[in-house]
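Each chain is listed here by its residues.
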Amino acid sequence: MVSRVIPVEAFDLVIFGGTGDLARRRIFPGLFRRFRAGQMPPNSRIVGAARRQLDRDGYRAFVTEALSEFVPESARPEDDVRTFLGCIEHLILDAASDSGWDALSGMLRDGVVRAFYFSVAPSLFGTLAERLRKHGCASPACRIVVEKPFGRDLESARELNRILRNHFDESQIYRIDHYLGKETVQNLMAVRFGNVLFEPLWHAQFVDHVQITVAESVGVDGRGSYYDKAGAMRDMIQNHLMQLLCLIAMEPPSRFDPDAVRDEKLKVIRAIERPAPRDIVRGRYVSAVPGESYLDQVENADSRTESFIALRLRISNWRWAGVPFYLRTGKRMAARHSEISIVFKTAPHSIFGQTLGQHRNVLAIRLQPNEGINLFVTIKEPGPGGMRLVDVPLDMTFAEALGRGVEDAPAAYERLIMDVIRGNQTLFMRGDEVEQAWAWTDPIIKDWRERDEHPDSYQVGTNGPEGAAALLHGDGRKWRDIDDTQDSA
């Protein structure tokens, strides 16, 4: 199956922080793949703006090294690399001074899309926005791309939004969350709203509960200073998992339009009840190997920061009344695994008796690794010996079902960058979404500070602290196994 590639208009994309890790690992490899797919016009221009003292050839060598490291050799023919490098420019620029800004203004062209990617520390967002206006770089139709974190609490998020809106309209601000660019996340909307099979069942009458798991096998290595000020709640729940929850729980929008979709997501956030302390489990990984425990990798030996969190949430509306949503995320867990599981109720009456009849259908949406969707259905186990029921998956692994390798599917960042160029904000967070998410998060974190409790310990390579399992066991349920994705609920 060959996908239809829709080219974008020619553009000028300026990457502030153009020599940073994000540019090297994600942005340039992603843009190169879009270039090879015929989606990026050859007269587009990418300007890497940074303080690093490089000339144009030196910067193109930096980009070449990034492509060599993060794009397979079979997917980067020399002729394509050479042509792509012809679109690359470098500008020595200091965001904190006026140096280099007039040169940037002179490089930008009229008549093409202008986009500015803020791949820098959040403390520089306001400075960049101000200088873009001051030096005439910001055209009326230009766009700015803002990386998370979008503040660290409600007050700072409001202040950040205020600063950005002083210089740009909300329609020009793209708050990027790479989870929303994942193929499977977008397919969640297609599965819900494009199939009459699912939407009639997508509510409390038929859904027993929902699980969202984002497990990481890595720790906080090299990010201890940042992470200890954030923790799993700020780093993952408040943005990534909150967005996934919204896509699962939102009402059908009137149309697939940026504001129509984001209006429905905002309603979900407003309807999420604040969890009681008994609905929250916090954890922190420990290891018998010296130097591998969480506290070994942060400066504060008396830290109260969590590397794992599990929550039981309720959404106060008619669609989801009485349906628990279980969220968990953590570092140094059993495997790298992200999955959304819609667990349906058992049949109201089993003709096979209580022993054989307690089976549930599960729609399991795998975000990583091996993106795809499994629908677990109950069938008779083949063979003689009477009626034996088993749960088996109807498996749609995208790489197999769509007839292309994983390396051919657009990655999250490249897809979202192309949406910026198109001017499509559907998969980007709106300012009021961000603020409402912080308004829900802040009281929970405040309560933790007042309680002054250490997170529970869990061993590296496990599924988190014991309390996380007990959170579901008390409800007569269990987590889907992280290290066995073919297991039914």
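Residues numbered from 1 in each chain as written. Predicted model: local features only at pLDDT ≥ 70, side-chain atom pairs only at ≥ 80, totals over all residues. Heavy atoms only, no water.

## Quick notes on the packing of aromatic side chains
Rules: A pair of Phe, Tyr and Trp rings is counted when the ring centres sit within 6.5 Å of each other, with Trp represented by its six-membered ring. The angle between the planes then sorts it: under 30 degrees is stacked, over 60 is edge-to-face, the rest tilted. Partly exposed describes any residue whose relative accessible area lies between the buried limit of under 20% and the exposed limit of over 50%, with all areas from a 1.4 Å probe on protein chains only and scaled to the type maximum. In our convention, an over-ring charge means Lys NZ or Arg CZ found within 6 Å of a ring centre and within 35 degrees of that ring's normal.
Overall, the coordinates contain 15 aromatic pairs when judged by the stated rule. With 5.3 Å between their ring centres and 80° between their planes, Trp320 and Phe325 make a pair best called edge-to-face. Summarising the burial analysis for this pair, Trp320 and Phe325 share the class buried. Members of the aromatic cluster, each reached through a chain of ring pairs, are Phe16, Trp101, Phe116, Phe118 and Phe125. The residue whose ring lies beneath Lys182 is Tyr179, and the NZ or CZ to ring-centre distance is 5.2 Å. Directly above the ring of Trp448 sits Arg282, whose terminal nitrogen or CZ lies 4.3 Å from the centroid.

## Here's the deal with a positive patch on the surface
Filter applied, for reference: Each patch is assembled from residues with relative accessible area greater than 30% and no salt bridge, linking like charges that lie within 9 Å and nonpolar side chains (Val, Leu, Ile, Met, Phe, Trp, Tyr) that lie within 5 Å. Each accessible area value is a Shrake-Rupley result obtained with a 1.4 Å probe; residue values ignore everything except the protein chains displayed when judging cover. Each salt bridge in this description consists of a side-chain nitrogen of Lys or Arg and a carboxyl oxygen of Asp or Glu lying within 4 Å of one another. Note on charges: Lys and Arg go in the positive column, Asp and Glu in the negative column, and His and the chain ends are not counted at all. By convention, the point assigned to a charge is CZ for Arg, NZ for Lys, CD for Glu and CG for Asp. In this text, helices come from DSSP runs of H or I with a minimum length of four residues, and strands from runs of E with a minimum of two, each type numbered from the N-terminal end.
A surface patch of positive charge is lined by Arg152, Lys229, Lys446 and Arg449. Along the chain, the position of Lys446 falls in helix H13 (residues 431–451). Judged by relative accessible area, Lys446 falls into the partly exposed class, the value being 45%.

## Here's the deal with the packing of helix H7 (residues 183–194) against helix H8 (residues 224–249)
Using the following cut-off: Note on definitions: angles span 0 to 180 degrees between N-to-C directions of axes, and those axes are lines fitted to C-alpha atoms, for helices only across the stretch in contact. Reported orientations rely on four angle classes, namely roughly parallel under 35 degrees, roughly antiparallel over 145, roughly perpendicular from 65 to 115, and oblique for the rest. Working rule for handedness: look at the near helix, and if it is turned counterclockwise from the far one by less than a right angle, call the crossing left-handed; if clockwise, right-handed. Here a residue-residue contact requires only that any non-hydrogen atoms of the pair lie within 4.5 Å.
The geometry of H7 relative to H8 is characterised by a closest axis approach of 10 Å and an angle of 10° between their N-to-C directions. In terms of orientation, H7 and H8 fall into the roughly parallel class. The crossing of H7 and H8 is right-handed. Residue-level contacts link Val185, Leu188, Met189 and Arg192 of H7 to Leu244, Leu247, Ile248 and Ala249 of H8.

## What to know about the sheet that holds strand E5 (residues 143–147)
What holds strands together in a sheet is hydrogen bonding between their backbones, with the strands either parallel or antiparallel. Formally: Should DSSP find at least two bridges between two strands, the strands are regarded as paired.
Pairing is parallel across the open sheet formed by 6 strands, whose spatial order is E3-E2-E1-E4-E5-E6. In the strand order of this sheet, the two ends are held by strand E3 (88–92) and strand E6 (173–176), each with one partner. With strand direction ignored, the average angle separating the axes of adjacent strands in the sheet is 20°. Of the pairings in the sheet, the one linking strand E1 (residues 11–16) to strand E2 (residues 45–50) comprises 5 bridges and is parallel in character. Bridging across to E2, Asp12 finds its partner in Arg45. Strands in contact with helix H5 (residues 125–134) are E1, strand E4 (113–118) and E5; relative to E4, the strand with the most contacts, it is inclined by about 155°.

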